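# Inside the fold
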Amino acid sequence: MLVDGPVEVQLPDGTTVVSDRFQVALCACRRSRNYPFCDASHRRRR
Ligand code: FES
């Protein structure tokens, strides 16, 4: 999911992560090793 940055994302555990990029790819599949940001893990086959 692409969103315009900068963004501040609050995770379910209460922690906050920040990205000051112009555009940010957020992970919607939960497979990213860099969650909540997309690392293209959604492309891998199971
Ligand atoms: S959407 Fe989850 S890794 Fe890309």
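In what follows, the accompanying structure is described. Remember, it's a predicted structure, so these values are computed and weren't measured experimentally.

## Here's the deal with the nonpolar core
- Core analysis: the largest hydrophobic core is formed by six residues, namely Val7, Val9, Leu11, Val24, Leu26 and Phe37.
- Setting aside chain neighbours within four positions, we find valine 24 in contact with Met1, Leu2, Val3, Gly5, Val7, Ser19 and Phe37.

## Considering the environment of leucine 2
- Within the secondary structure layout, leucine 2 lies in strand β1 (residues 2-4).
- You can call leucine 2 exposed: its relative accessible area is 60%.
- As a C-alpha pair, leucine 2 and glutamine 23 span 21 residues in sequence and 6.7 Å in three-dimensional space.
- When residues no more than four places from it in sequence are discounted, the contact partners of leucine 2 are Gln23, Val24 and Ala25.

Reading guide: rules and limits
- Residues numbered from 1 in each chain as written.
- Predicted model: local features only at pLDDT ≥ 70, side-chain atom pairs only at ≥ 80, totals over all residues.
- Heavy atoms only, no water.
- Core = buried A, V, L, I, M, F, W, Y, C linked by side-chain atoms within 4.5 Å.
- Buried < 20%, exposed > 50% of the residue type's maximum accessible area, 1.4 Å probe, protein only.
- Contact = heavy atoms within 4.5 Å.
- Helix = DSSP H or I, 4+ residues; strand = E, 2+ residues; numbered from the N terminus.

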